[in-house]
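A look at the structure
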Amino acid sequence: MRYLALSDIHSNLEALDAVLRASAAQRYDAVLVLGDLVGYGADPNAVVDCVRNLGARAIVRGNHDKVASGLDNAEDFNPMAKAAARWTRDSLTPQNLDYLRDLPAGPLVVDGAIEISHGSPLDEDLYVVADIDAARSIAAARSALCLYGHTHVALTARMDGQRRLEIEAPQGHPEFAVTLDAGSKYLINPGSVGQPRDGDSRAAYAIADLDRMVVTLYRVAYPIEAAQKKILDAGLPPMLAYRLGMGR
Ligand code: ZN
């Protein structure tokens, strides 16, 4: 089984299109969506429609999906994120608002084989940013492989049978493969499709091949200027356009 994993699309249709084109050529059997379909970008409805059409095997909600759909307030958001959340909420169709509101909370175990979560498997809103978070999160995961998002930074963490932790943050690679060994547990963030923050502006995604026991993290270029122009034209905070070019 080959799973395509998409996280943190954030209403960036150009990035999502590029990822779907590249991954179609690589072949996959099922799609997993790790939350934050909307927020920041200018195409919330087109992105939600596209994700709905993918017929994902499993999908969990992200914090921006909760705020945009009115499940949560924007108290913890910075002013930029708050403005984008308000704009997104006003732009979404009633059908897409309902869809986002009904998305399940993570973590979810899929096909008894792979776990997905927006933030940590400990808590859907918890950012995994340090070794201690990764260690606690891997220990809490119910599957040997857990895919998560939320930080917008590609990361692979492995805990072996002796509970030793190894973390890698692949940078600048068009592809980065992790071979899964049977005695270890893994926590892997594919990075963000629509708003990468690791200094690499290319869209990020992953394919988890559970037959070959390999997870590959990919980066693909997309027409950033087109996504930026839509953000500026929509009257969203200009920084949300500029940061796409910096990958920050
Ligand atoms: Zn996000």
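Describing the pairing of strand S12 (residues 214-220)
Counting buried positions along S12 gives seven out of seven residues, so the element sits mostly inside the fold. Burial along S12 is two-sided: Val 214, Thr 216, Tyr 218 and Val 220 facing one way and Val 215, Leu 217 and Arg 219 facing the other are all buried. Pairing of strand S9 (residues 175-179) with S12 involves five bridges; the strand directions are antiparallel. The residue bridging Thr 179 from the neighbouring strand is Val 214, located in S12.

Quick look at the coordination of the zinc ion
Donor atoms from the polypeptide that bind the zinc ion are Asp 8 (OD), His 10 (NE2), Asp 36 (OD) and His 152 (NE2), placed at 2.1 to 2.2 Å. Coordination at the zinc ion is irregular, judged from the four donor atoms that bind it and the angles of 87 to 177° they form at the metal. Counting the intervening residues between successive donors of the zinc ion yields the motif D-x1-H-x25-D-x115-H. Here Asp 8, found in the loop between strand S1 (2-6) and helix H1 (13-26), pairs with His 152, found in the loop between strand S6 (145-147) and strand S7 (155-159); they are 144 residues apart in sequence, far enough to count as distant. With relative accessibility at 0%, the residue Asp 8 sits in the buried group. Take His 152: its relative accessible area is 2%, and that puts it in the buried class.

Here's the deal with the packing of aromatic side chains
For the structure on display, the rule yields one aromatic pair. For the ring pair Tyr 205 and Tyr 218, a centre distance of 5.2 Å and an interplane angle of 20° mean the geometry is stacked. Linking Tyr 205 in strand S11 (residues 203-209) with Tyr 218 in strand S12, this pair joins segments that are 13 residues apart in sequence. One exposure class covers both Tyr 205 and Tyr 218, and it is buried. The ring of Tyr 40 has Arg 243 sitting right over it, with the charged end atom 5.8 Å from the ring centre.

So, helix H6 (residues 131-140)
Structurally, the α-helix is built with 3.6 residues per turn, so residues lying three or four positions apart point the same way. Of the positions making up H6, those classed as buried are Asp 133, Ala 134, Ser 137 and Ile 138. For H6, the arc enclosing every buried residue in end-on projection is 125°, short of the 170-degree limit, so these residues lie on one face. Check the buried side of H6 and you find it contacts S7, strand S8 (165-168) and strand S10 (185-189).

The rules behind the values
Residues numbered from 1 in each chain as written. Predicted model: local features only at pLDDT ≥ 70, side-chain atom pairs only at ≥ 80, totals over all residues. Heavy atoms only, no water. Buried < 20%, exposed > 50% of the residue type's maximum accessible area, 1.4 Å probe, protein only. Helix = DSSP H or I, 4+ residues; strand = E, 2+ residues; numbered from the N terminus. Pairing = 2+ DSSP bridges. Donors = N, O, S within 2.8 Å, 3.2 Å for Na, K, Ca; no water. Tetrahedral: all angles 85-135°; square planar, octahedral: opposite > 155°, others 65-115°. Phe/Tyr/Trp six-rings, centres within 6.5 Å; stacked < 30°, edge-to-face > 60°. Lys NZ or Arg CZ within 6 Å of the ring centre and 35° of its normal. Arc of directions from axis to C-beta. Contact = heavy atoms within 4.5 Å.

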